[in-house]
Each structure stands twice: as structure tokens, then as C-alpha cells.
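Read off the chains here:
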Amino acid sequence: MAGEESGKPLSRWQLIAYGQLVVPLAVIGLPVAVYIPPFYSSTLGLDLAAVGIILMLARISDVVTDPLIGRLSDRTRTRWGRRRPWVLAGVPLMVLSSLMLFVPQGEVTNLYLLTWIAAIYLGYTLITIPYGAWGAEISGDYHERNRISGSREIFLLIGLLIAISAPVAGAYLMGTPAEEGAASRSAVGILGWLTAVMLPFCALIAFASVPEPMVHDTKTIPLRRGLRIVMRNGPFRIVLLSSIFGALAGSINVGVVIFFYDHVAGLGEAGNILIFVLFVAGVVGSPFWVTLGGRIGKHRAIAVAGMVSMFVFAMVPLVIYVVKPVAPEAVIWGMFLITLVQGFAFGAAPILGPSIMADVVDLDALKSGESRAAFLFAFLGMVRKIFEAFGVGVALPILAWAGFDAQSKDNSPEALFALLAMYCLVPLVLWLISIAIILRYPITHERQARLRTALEKRTLRRAKLRQTMAD
């Protein structure tokens, strides 16, 4: 693939126009995981076990749709590009399904939930897979790719902050009693309306302002052969394996974080403040990781961020077993400092990871002869989702086996230690393995420049050959 604009740096407005499209996706993405279970079970009265099964079934569908949409997007050719049409197709589906899911109409049944949660996941895939590939193709420059993914990550964190704040603000403005919480109809409904209003507007800005590089004709290869080429791609295998351990660690940690704040740290509602601090610090730290990734290499910058984050995160057991017994009121400040440092490092992998994948796509295009950024992003995302689901599916049964009861305020020391292990100790080990793997990533700035040169030369040869045949 060679884009006519691929060598030009994007203007500041173009960076903003590309990155801001992720805001409404973040506004609806986090609440689907956080608010839908209590909203449909506690507020709307569906069986909690049934809600869990429905969410799992809908999520499994991504294993099929992600690589399918990625492959179709790679092979799309229109006058408007090959990514914009798929994003455009996903916008109305996301708008409709977000309203139906967060502002439910008529009788709410298990089938109703399954229909609209599956629809919102499909709309999410239609947008995010081509959107990620679009960002990888805008520029072929090593440093420019950091700026592009950095812009997207900053807006993603802004969207997450909105997703956390909007339900609370919505409930307050609507006069909802505090005891109904953030899962009330008024609190959750504002998320649906925000998405419905913001998504078309943000998509219009991106379509009007951000170029899609022209893709010259490339050969297409069968899926089975394409998968063999992918798995023989050494840098991709490193990214994939590192992502697997990172996904496991993150899903285990996030899956028990609220339990940890309530039952081990004893923070109660103050735990929400820490989540807010994490995302704010992530926004502040994002530009730093863009700069550092350009100076020492993307994979090394991810490793630095990971080691800093893991060093402070390893202090959690000290806060619980040393500080809490003598000064319980100091626990919130200890966790605040830990979260602040973790938040600053939080953006490194989400920023530099997609930029690394863009470089991997170059190597794949050189080996396969096909420009298939969306397929590679989708394949990586599919594997991550599988292990994210596996992480939560393992952590919660282990806690139950250890005797932990989420509704009890009198859990045994063994059960609380198991909770601490799932929140901190097990993720620490998995994250450290992920960091050790990514340090083996071989594509440096110099090697990526050689890859781009080889791709451009091949494109010119093919263009000359087509011209000769036409003459």
C-alpha cells in the first residue's frame, strides 16, 4: 500500500478530527460493561444470571465478526475510500442500538436485551476495526504514527471521563434519589442520548477533515494462506503474545477492582474517585509517551511505562498489610498516589501499541503482497477479547472457591488475600511477562524506514508494469 498523503504529517486539526471520533465510542463502550448488568437486573428486573449469559453470548459473536469485517474492509474499493463506508454503515446502527439499549422502549425481556446488545457490538465492530486501520494507513512515518495514535488515546480517555461523569450528572439533574445510584433510568439514559447526538457529528468531522490514502491495486490471497503468513510474521507474534498476557492481566484486575476497593481497601464510594484519577492522569501523561516513543523506540517506551507502573503497583500489599492496620485513613492517600503514577503510565501501551501494529502491517504487506491492515487489527483484537473473557471467567470462580462472598462484610482472611491476589499479585506477574516479551520486538525506526522504502519501490514497479501493459 502506498498513500499519496502517506508521507505528509497531519495538521493539528486533522489529528484532532481523527482522534475525536473515539469519544462517543468510549462514552458508550465502558458503560456497556459497567452499567448494563446492574441496569437490566436491578433496575429493570431481569435475572442477573441471564443477563450475564446474554452479555457473554453477544461478546462471543465478535470472534466471528471482527476478522470478517476486517477482511471485507481491506478488500473494499470505493471513490470515498475503503474505511469510511464501513464506519458510515456502523453509525446509524450504533445510534439506534444505543438508544434502544440505554433508553429501553416497551417491555424489556431477555430477547430484547440480547437483540440490542448484539446490535451495539456489531455497530462497534463496524466502526472500530476500519477506524483503527484508517489510523494505521494515514501515515507511513514512524514518528507520525505515534502522534496519530496519541491523539486517539487522549480523546479515548476524555470519552471515558465523560462516561464516568455523565450518569452521575444525569441523575442529579433529573432529581433521581441518590439511593438509586448510577444505574437508574435517568442516569443510564443520558449515555444513550449522548452517543446518539455525538456519534454522527464526530463522524462527519472525521470524514470531512481526515484523508484516506489512495490504495493501489494489490493481489489478494486466500484466507488460509494469509493466516500462515501472519503467524510466520515474527514481530506480529511478539505483539500477539505480549497482548495475550496483557489482556489476561487487565481483565483479571478490572474484573475485581470494585470488590477490592470495597472489601480489602475499605474505600467504598471513594474507589470511584481513584478510577477518575486514573483516566485524568492518563490524559496528562499521553504526550510524554508519544515523545519518549519517538526517542527511544515504541516498544522500549512501553516497557519503561510498564516497569514504572508495576513498581508502584507492587506497593499495594504494603498499603493493605502495613499502612491499613495502623492508619486506615491513610489508605486512600496511598492508593491515590499509586493510582496517580499508574494513570500517568496508563496511556503508553494504548498509544504506542497501535503505532507498533501499523509498522507490523508494513512488514505483512511486504511479505503477503496484500494491504490488509484491518484484518491484522481485527485478528489481534479477536485474540485479546478471547483472553479478556477467559481472565474474568477464571478470576471470579477462584474467588468463589476461596470463600469470598461479595454480599458479606465479614469475609475470611484467606478470601480477602485471594481477592488481593486477583487484583494485584497475579496481574503483576502477567504484566511483567508481557513487558519481557515486548522488549524482544525488533522493528526499530531504521528498520521501519527500510520497510517503507521497499513497499514504495514495489508499488512503483507494479504501477510501471500496469502502465506498460496498458500501453
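Structural data are supplied above this passage.
Treat the numbers as computed from the prediction; the structure is a model and nothing was measured.

### Digging into the overall build of the protein chain
For the protein chain, the count of helices and strands is 19 helices and zero strands. Burial analysis of the protein chain (471 residues in total) assigns 55% to the buried set. Excluding contacts between residues fewer than 6 apart, the proportion of contacts in the protein chain whose partners are at least 24 apart in sequence is 84%. Accessible surface computed for the protein chain: about 20900 Å², of which carbon and sulfur atoms make up 69%.

### Considering the nonpolar core
Tyr-40, Leu-101, Phe-102, Leu-113 and Ile-117 are the most contacted members of the largest nonpolar core, which totals 55 residues. Broken down by secondary-structure element, the contributors of at least two residues to this core are helix H1 (12–19), helix H2 (22–34), helix H3 (36–43), helix H4 (48–60), helix H6 (84–102), helix H7 (110–138), helix H8 (142–173) and helix H9 (185–209). Take this core: its biggest share by element is 11 residues, from H7. The contact partners of Tyr-40, leaving out residues within four places of it in the chain, are Gly-45, Leu-46, Val-51, Met-100, Leu-101, Pro-104, Val-108, Tyr-112 and Leu-113. Counting 40 residues, the second-largest nonpolar core is a separate cluster that includes Val-290, Ala-348, Met-357 and Leu-376.

### Focus on a positive patch on the surface
Where like charges cluster on the molecular surface, the positive patch consists of Arg-224, Arg-225, Arg-228 and Arg-232. Tracing the backbone shows Arg-228 in helix H10 (residues 223–231).

### Remarks on the packing of aromatic side chains
Remark: the centre distance and the inter-plane angle together describe each pair of aromatic rings, the angle taken between the planes. Under the definition given, this model contains 15 aromatic pairs. When the centroid spacing of 6.1 Å and the interplanar angle of 70° are considered together, the rings of Trp-333 and Phe-336 count as edge-to-face. Taken together, the residues span about one helical turn, with Trp-333 and Phe-336 both in helix H15 (residues 331–346) at a distance of three residues. Since its relative accessible area comes to 58%, Trp-333 is described here as exposed. Residue class for Phe-336 comes out partly exposed when judged on its relative accessible area of 26%.

### Brief notes about a nonpolar patch on the surface
A cluster of nonpolar side chains, namely Ile-53, Met-56, Leu-57, Ile-60, Val-63, Val-64, Leu-111, Leu-114 and Ile-386, defines an oily patch on the protein surface of about 800 Å² accessible area. At the level of elements, H4, helix H5 (62–74) and H7 are the ones that each hand at least two residues to the nonpolar patch. Secondary-structure assignment places Ile-53 in helix H4. Residue Ile-53 is classed as partly exposed on the basis of its relative accessible area, which comes to 48%.

### Some details on the environment of Val-27
Note that Val-27 resides in helix H2. Overall, the relative accessible area of 0% leaves Val-27 in the buried class. Sequence-wise, Val-27 and Leu-161 are 134 residues apart; in three dimensions their C-alpha atoms are separated by 8.2 Å. Not counting chain neighbours up to four residues away, the residues in contact with Val-27 comprise Gly-159, Ile-162, Ala-163, Leu-191, Leu-194 and Thr-195.

### Observations regarding the pattern of salt bridges
One pass over the structure, following the stated rule, counts nine salt bridges. Measuring nitrogen to oxygen at the nearest pair gives 3.8 Å for the salt bridge that ties Arg-84 to Glu-212. On the criterion of sequence distance, the pair formed by Arg-84 in helix H6 and Glu-212 in the loop between H9 and H10 is long-range, its members being 128 residues apart. You can call Arg-84 buried: its relative accessible area is 17%. Accessibility expressed as a relative area gives 13% for Glu-212, which makes it buried. We note a salt bridge from Lys-298 to Asp-359, for which the minimum N-O separation is 2.6 Å. Here Asp-359 lies in helix H16 (residues 348–368) and Lys-298 lies in helix H13 (residues 298–313), a separation of 61 residues in the sequence. If you follow the salt bridges from partner to partner, you end up with Arg-145, Lys-298, Asp-359, Asp-362 and Arg-452 in one network.

### Considering the packing of H6 against H9
Relative to each other, H6 and H9 sit at 165°, their axes nearing to 8 Å. For the element pair H6 / H9, the angle class is roughly antiparallel. Where H6 crosses over H9, the handedness of that crossing is left-handed. Residue-level contacts link Arg-84, Val-87, Leu-88, Val-91, Met-94, Val-95, Ser-98, Leu-99 and Phe-102 of H6 to Val-188, Gly-189, Leu-191, Gly-192, Trp-193, Thr-195, Ala-196, Leu-199, Pro-200, Ala-203 and Phe-207 of H9.

### Details of H13
Over its 16 residues, H13 runs 22 Å from end to end, which matches the ideal 22 Å to within 8%, given 1.5 Å per residue. If you check which residues of H13 are buried, you get Lys-298, His-299, Ala-301, Ile-302, Ala-303, Ala-305, Gly-306, Ser-309, Met-310, Val-312 and Phe-313.

Conventions we followed
Residues numbered from 1 in each chain as written. Predicted model: local features only at pLDDT ≥ 70, side-chain atom pairs only at ≥ 80, totals over all residues. Heavy atoms only, no water. Helix = DSSP H or I, 4+ residues; strand = E, 2+ residues; numbered from the N terminus. Buried < 20%, exposed > 50% of the residue type's maximum accessible area, 1.4 Å probe, protein only. Contact = heavy atoms within 4.5 Å. Areas by Shrake-Rupley, 256 points an atom, 1.4 Å probe, with all protein chains shown as cover. Core = buried A, V, L, I, M, F, W, Y, C linked by side-chain atoms within 4.5 Å. Patch = residues over 30% accessible without salt bridge, like charges linked within 9 Å, V, L, I, M, F, W, Y side chains within 5 Å. Salt bridge = Lys/Arg side-chain N within 4 Å of Asp/Glu carboxyl O. Lys, Arg positive; Asp, Glu negative; His and termini not counted. Charge placed at Lys NZ, Arg CZ, Asp CG, Glu CD. Phe/Tyr/Trp six-rings, centres within 6.5 Å; stacked < 30°, edge-to-face > 60°. Axes fitted to C-alpha atoms, helices over the stretch in contact; angles between N-to-C directions. Parallel < 35°, antiparallel > 145°, perpendicular 65-115°, else oblique. Left-handed = near helix turned anticlockwise from the far one by under 90°. Expected span 1.5 Å × (residues − 1).

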